[in-house]
Amino acid sequence: MKLNKEMNRRNFLKVSAASGTGLLIGFNWLTGCTPSTPEMSIPKDWTDINAFIKIADNGLVTIFSPNPEIGQNVKTAMPMIVAEELDVDWKKVIVEQADLNTIKYNRQIAGGSQSIRAGWDGLRQAGATGRQMLRQAAANQWNVSLDQVSTDQGQLINTKTKEKIGYGDVAVAAASLPVPESVTLKDPKDFKLIGTKVKNVDGPKIIKGEPLFGIDYQKEGQVIAMLIHAPAFGMKLKSFDAEKAKAMPGIEDVFVIDTTLEKPNWSDVNAFNELIVITGATTWQVMKAKKAISAEWESTGKLENSEDHLQSLISAVDGEKGETLRQDGDPLAMRGKAAKVVEKTYTAPFLAHNTMEPMNFFAHVTPEKAELVGPIQTPESLRSSVMAALGMSEEQVSVQMTRMGGGFGRRLYGNFGLEAALISKKAGKPVKLVYTREDDMTQGTYRPAYRVKYTATLDENNNLTSFTAKAAGLPESPLFANRFPAGTLDHYRAEGIRLDTNISTGAWRAPRSNFIAGAEQSFLDEVAEAAGKDPIDLRLELFDRAMKNPVGENNDYDAARYAGVLKLVREKSNWDQETPGVYRGVSAYYCHNSYVAQVVDVIKKDGEPVIQKVWCAVDCGIVVNYEGAINQVEGGIIDGIGHAMYSQLTFKNGKPEQENFHQYELIRHTQAPEIEVFFAQNGEHPTGLGEPSLPPVMGAVANALYKATGTRYYNQPYMKAQQANEIYTG
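Keep in mind that this is a model prediction, so the values were computed, not measured. (Residues numbered from 1 in each chain as written. Predicted model: local features only at pLDDT ≥ 70, side-chain atom pairs only at ≥ 80, totals over all residues. Heavy atoms only, no water.)

Looking at this structure, how should I read the overall build of the protein?
A count of helical and extended segments in the protein gives 18 helices and 30 strands. Here the C-alpha atoms of the protein give a radius of gyration of 28 Å, agreeing with the 27 Å that 2.2 N^0.38 yields for 730 residues. Dimensions along the principal axes, computed over C-alpha positions, put the protein at roughly 80 × 75 × 50 Å. Counting over 730 residues, the protein shows a buried share of 60%. Accessible area of the protein: about 28800 Å², with a carbon and sulfur share of 47%. For the protein, the centre of its 79 positive side-chain charges and the centre of its 88 negative side-chain charges are spaced 2 Å apart. (Helix = DSSP H or I, 4+ residues; strand = E, 2+ residues; numbered from the N terminus. Rg over C-alpha atoms; globule rule 2.2 N^0.38 Å. Buried < 20%, exposed > 50% of the residue type's maximum accessible area, 1.4 Å probe, protein only. Areas by Shrake-Rupley, 256 points an atom, 1.4 Å probe, with all protein chains shown as cover. Lys, Arg positive; Asp, Glu negative; His and termini not counted. Charge placed at Lys NZ, Arg CZ, Asp CG, Glu CD.)

Structure below.
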């Protein structure tokens, strides 16, 4: 594979020499990082040329990671890509987290499962260019042609004389060379590191409790800050009395901040802009003082209830005409010709993000600058908001990213970082803002509540002839109009409805897909049953149509790859072989450019259904790090099962009824099933993996539970719906 010089200079590489010994190659694209420091001599000289790759005089290689690490393991996978093309010994690679720098880096975001996909070409090119420049420097030193110099694990080899020198020995000379006109990337069949299992580079530090996370960050002179926001959506602060709190030990001050921005960013989602702030010496002292504050609140809008939310969704889906997102043929006309009509409705509640690490951020604001440190998925957006709030320039605001104890979309929204900055400005000193679990769970930025109605028609031969989806959400429709089964039928319609709410919402792991996949795949199971067909066979029939004679031109999936994961999971799970006492459900879904199919096995213990095992087939193209990839898939599956089965957030008079984990149920360790993961081997460009395994498992679980209990599940969470006898409302 050849890459031209123009592309190198414009998009990926900037190479220059500097004083000292070493070579640094900057690849202005995405990036990642690397493993723990190798046990070898400390280098005398490093050369920081352009903030991406640097090679020391002893051969050590450092890769700076611009991308936030939220547990998706990019800090390991992305440097593996560079190290592969650079042909360096992985044991000699070190990683450091870069600060926000939009001049040096592109897309410093953790979101959309796009880090590896977007960075793949640039990372490879950076490694390959570095390798070629090192080879050229060695060739010049030996006075031989470039093709006479090979590399192996950080060593340059004269193929005629067999003489060897290390990368560090020619780094300075290499740095002075021009960027090559083109570089040759490895054939994937020659990969040595990519496609292996590599442990999390931060693993040892995490196990030893070393300070990596935002919650760990401390600076001399800092105070702890906590907030009080309105108790309900649709309320604001009227007055408060803090005299008792101010008199308590360790408390410095109590005051109000307003985070309202004249022109907010998309990431400035916050239902509560006016906040009471308590600052003090320790977290415990501030928490106690917080409880001593007496506040009065007043209404600013409707105080919403979950019953009203459900009725709004029902009215919209059952009666209101929505926006036509796509229509092929005439599905309505097909109902009059149908031998069978299948129509079912599915709902899901609001959900909280519940990151393991509490929301927190450090800020030190002076008249000259603002220093921000903490766990944020969108550092550039946070900086922009802080600049607007403080009236500062880009050069005055720095954002240092820490490792995050979970993100799931919650840390896309940087209100907590902006709050920390405003508190520091008011307090006139460094501040560490810390949320309690209750603060975060009642603050908003939830997964929206949804409802969808599906209608399908079958002819006298039990062939599916039309498919209609009508979906509403508070505040967005969950439909993806051009995804499966679009393109598989002559008659198809997708209709979306947006409903107003003052409950603040945001991206939650696999946005929209996290509901619509489970509903769609549950419904297809019912269609297959009505048609008297095996659920996998029905899906494969549709994909066969999409491969041979697709309907429409905007179908955003590859039917062959979609069918491929279904066939793979069918084979690996022995789907066609019945096992007494094991009840099985299947699903398949495409999102974040990846394809996932799952089979869920349910057994009964003491008469109750128990999820025993999940078989999962994934097509995400080339897998960079199997260790991290398997962990991501397993984590998504467990997360999906837990929220489908147990979790919900409800409201009474605008107030969230679940404030902590004794009320908001999450999956427990004892409820997690065995999981077996299989990856398609097709050599395709790598795609997303942090989110795609979550959405389909919700449908596979519902389908397996039906086989075990004879009951269809239409309302999430399934267990609470069962207790409330709401399972038959489909």
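There is more to say after this.
Can you walk me through the sheet that holds strand S11 (residues 223-228) in this structure?
Pairing between sheet strands relies on hydrogen bonds along the backbone, with the strands arranged either parallel or antiparallel. If you walk across this open sheet you meet the seven strands as S13-S14-S11-S21-S18-S19-S20, and the pairing is mixed. Each end of this open sheet is capped by a strand with a single partner; those strands are strand S13 (251-258) and strand S20 (397-401). Recorded for the sheet is a direction-independent mean angle of 25° between the axes of neighbouring strands. When strand S19 (residues 370-374) meets S20, the two strands line up parallel, connected through five bridges. The partner of Glu371 across the bridge, within S20, is Ser398. Strands strand S18 (360-365), S19 and S20 of the sheet are contacted by helix H10 (residues 379-390), whose axis makes an angle of about 150° with S20. (Pairing = 2+ DSSP bridges. Axes fitted to C-alpha atoms, helices over the stretch in contact; angles between N-to-C directions. Contact = heavy atoms within 4.5 Å.)

Looking at this structure, how should I read helix H2 (residues 74-86)?
Because an α-helix completes one turn every 3.6 residues, residues spaced three or four positions apart along the sequence face the same direction. Taking 1.5 Å of rise per residue, 13 residues should cover 18 Å, and H2 covers 18 Å from first to last C-alpha, within 8% of that figure. Counting buried residues along H2, 13 of its 13 residues qualify, which places the element largely inside the surrounding structure. (Expected span 1.5 Å × (residues − 1).)

Sorry if this is basic, but what is going on with the nonpolar core here?
One recurring pattern in soluble globular proteins is that nonpolar side chains are buried together. Counting 106 residues, the largest nonpolar core has Phe679 and Tyr718 as the members making the most contacts within it. Ranked by residues supplied to this core, first place goes to helix H17 (residues 694-709) with nine residues. Residues within four places of Phe679 in sequence aside, it is in contact with Leu568, Val618, Cys620, Val623, Tyr626, Ala629, Ile630, Val633 and Leu689. Listed in part, the 56 residues of the second largest apolar core include Ala481, Tyr562, Val565 and Tyr714. (Core = buried A, V, L, I, M, F, W, Y, C linked by side-chain atoms within 4.5 Å.)

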